[in-house]
Every structure is written in C-alpha cells, then in structure tokens.
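# Coordinate inspection notes
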Amino acid sequence: MEKGLKLTKKDLRELKEEKKRNRQQRMEFVNMYADWLKKTPNKVWSKQQAKYLK
Amino acid sequence: MDFEFNGNKIVFEKELSNLDKLVLRFVKILDTLKVDYVIISGYIAILFGRSRNTEDVDLFIEEMAFEKFLRFWNELEKQGFECLNTSNAKEAFEDYLKEKLAVRFAEKGMIQPNFELKFPKTRYNEYSLKNRVEVILNGEKLNTSEMELQIAFKLSLGSDKDFEDARHLYNIFKEHLDMNLLKRQISELKVEKQAERVLWKKA
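Small disclaimer: the values here were computed from a predicted structure and weren't measured. For every chain, the first residue of the written sequence is number 1, and numbering continues from 1 onward in sequence order. Each chain takes a letter, starting from A, and each ligand takes a number, starting from 1, following the order in which they are written. Restriction of local features to residues with pLDDT of at least 70 applies here, the model being predicted, together with a cutoff of 80 or more for giving and counting side-chain atom pairs; totals for whole chains, interfaces and linings are based on all residues.

## Quick notes on the overall build of chain A
Within chain A, the secondary structure is distributed over two helices and zero strands. For chain A, the spread of C-alpha atoms along the three principal axes comes to 55 × 25 × 10 Å. With C-beta atoms placed from the backbone, a residue is labelled by how many other C-beta atoms lie within 10 Å of its own: buried for 20 or more, exposed for 12 or fewer, partly exposed between the two. Burial status across chain A gives 7% buried among its 54 residues. A run of DSSP states H or I qualifies as a helix once it reaches four residues; a run of E qualifies as a strand once it reaches two. Both are numbered from the N-terminal end.

## Remarks on the packing of helix H6 (residues 147–157) of chain B against helix H7 (residues 160–173) of chain B
Residue and element names in this part refer to chain B. In the contact formed by H6 and H7, the axes pass within 8 Å of each other and the chain directions differ by 155°. Classed by the angle they form, the pair H6 and H7 counts as roughly antiparallel. Crossing angle aside, the handedness with which H6 passes H7 is left-handed. Touching Met147, Gln150, Ile151, Lys154, Leu155 and Leu157 of H6 are Asp162, Phe163, Asp165, Ala166, Leu169, Tyr170 and Phe173, all from H7. To get an axis, fit a line to the C-alpha atoms, keeping to the stretch in contact for a helix; angles then go from 0 to 180 degrees between the N-to-C directions. Each angle is binned into one of four classes, with values under 35 degrees roughly parallel, values over 145 roughly antiparallel, values of 65 to 115 roughly perpendicular, and all other values oblique. It is the rotation of the near helix from the far one that decides the hand of a crossing: anticlockwise by less than a right angle makes it left-handed, clockwise makes it right-handed. Our contact criterion uses C-beta atoms placed from the backbone: two residues qualify when those atoms are within 7 Å.

## Some points on the interface of chain A and chain B
On the chain B side, the residues contacting the 19 residues of chain A number 23 residues. Only helix H1 (9–38) and helix H2 (42–52) of chain A provide two or more residues apiece to the side of chain A that touches chain B. Tallied by class, residues from the side of chain A that touches chain B come to seven nonpolar, three polar and nine charged. Three residue categories are used. Nonpolar comprises Ala, Val, Leu, Ile, Met, Phe, Trp, Tyr, Cys and Pro, charged comprises Asp, Glu, Lys and Arg, and polar comprises the others, including Gly.

## So, helix H8 (residues 179–188) of chain B
Residues and elements named next belong to chain B. Burial in H8 covers these residues: Leu182, Gln185 and Ile186. Within H8, the buried residues cover an arc of 105° as seen down the axis, which keeps them to one side. The secondary structure elements touched by the buried residues of H8 are H6 and helix H9 (192–200). A positive phi of about 55° marks lysine 190, the residue just after H8. Note: the arc covers the axis-to-C-beta directions of the helix.

## Observations regarding the domain arrangement of chain B
Residues and elements named next belong to chain B. Either an automatic procedure or a domain database provided the assignment from which the domain bounds are taken. The domain architecture assigned to chain B consists of domain 1 (4–145) and domain 2 (147–203). The distance between the C-alpha centroids of domain 1 and domain 2 comes to 23 Å. Across the side of domain 1 that touches domain 2, the residue classes tally to five nonpolar, four polar and one charged.

## Considering unusual backbone geometry
In most cases, non-glycine residues show a negative phi, while peptide bonds are predominantly trans. Residues and elements named next belong to chain B. For the bond running from glutamine 112 to proline 113, omega is -5°, close enough to zero to count as cis. Along the chain, proline 113 turns up in the loop between strand S6 (103–107) and strand S7 (114–118). Look at serine 41: it is not a glycine, yet its phi comes out positive at around 70°. Tracing the sequence through the fold places serine 41 in the loop between strand S3 (37–40) and helix H2 (42–47). The buried category is assigned to serine 41, around which 22 C-beta atoms lie within 10 Å. Although it is not a glycine, lysine 190 sits at a positive phi angle of roughly 55°. With respect to the element layout, lysine 190 can be found in the loop between H8 and H9. In this structure lysine 190 comes out as exposed when scored by C-beta crowding, with 12 C-beta atoms within 10 Å.

Printed below as a string of structure tokens:
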C-alpha cells in the first residue's frame, strides 16, 4: 500500500481549524504561565527553568 | 550523528538530557497502560540534536473511553504528574479531549516542561498515530510519526522555529527519507514554495 495521505479539501480545512485551535490554546497557556510567574518567587520559577535549560 | 534507521525504527544512543529522561518516564506510563501514542513536533527535533529548548512535548494519544482515561489519569498522579488545565479527570476528558482541545500534564508543582495531549481529530492525526515510528533511545522505546510527514507538516505551520525544525530533521535524515513520500506530502499540504526555500535550497 502506498504510504502517505491524499488530502481532500475537507482535510485541509480541518487541519486549518486544528492549527487555529492550537494557536489559541498556546496563547492561553502563555497567559497562564505569565500569571503564574508573576505570583511565584524568582527562586522557585528559576529553579524549574534551570532544571530543563542547560 | 550515529543511528540506525530502517523504515519504521530508529535506534540510537546519546547522553540523555533532563528533558529526555522526563519524556521516557512519561511514555513508560502510556506503554504500561497500553495507550497508543505518538510524540510529534518540536521535541523530536530536539531529541535528534536540534539546539533549542521547548516548553511542551506534543502527543497524540488514542481516542479511548473515559474508564481507560481515568486509569491513565490516576497512574499519572501516582507517578508525580498533574494536569495543568483542571484537577478533575471527567472535565479533562469531556471539556478538553472530546472537544478537540489539548490537556497538559507536568510534574507536580511545575508548569514546564509539560506534555500536551490530544485525541486525533483529523485524518492526518489518525494517520500519524497509525503509522508510527519506533525510536529506541539508549534501549528505551518511544513512538513518533513518520519523519516525512513531520517535515511536511512543520513547513505548513510556517513559523521560523518550525522551518528550522523542518530543515534540521531533513538534514539529519535526508539519506534515509522516502523522498517520494516527502514530496507527495509537501504537495498535499500545498507547501511546495516553503519546501523550495527551506529544504531544497542549499544555503
């Protein structure tokens, strides 16, 4: 069987909608993260960041 | 970079980052509970050497009944993870996953990095999940989707970061890729111009 997907107009529309949803959710997360940062001591948030940033 | 690549399996060894270790810990829970998944997007570029960080690891997980999701939720809690969207499993299932939205899990008390989980909601998502590629990293397994699809999809996302990830994956795997498949997916997603600029052009 040939690999890959033949995409219809409906598929492309759904992918476009999915990207829009993802973008919106990511922006909401960015807001949530900033809210959390503002109320979290530097020592706490920077420790988390340092653990995963080398 | 040394690795073995044979169609649907990539075997390689490297020094694990804290992020790699966290990802392996998370996918072990999915494997234990027999939940099908694929990791896609940014982490895969990082896994294969891209020099950048990420706040989230994106996964598609199989669409499942609430009872199975609840077992997964409980196991995550037991293993020290918590959901960032809600503390209620039913709400995570009904208001997020079933509504085509992602739920995020992080280590308790942490915000990032987090695991962004979604049910497949398009044929493209379903194809990714069904046609997974096994990565054996230092003897441990994780699933991702076909590199050709990921590269084409990254081109369709369109940010500088996505273009760089696409180019990175292409550069790393080009000798092993199914070029017909890659070109077909590029054409299906109508991103030929982006491919010309990001992949085919030498500098």
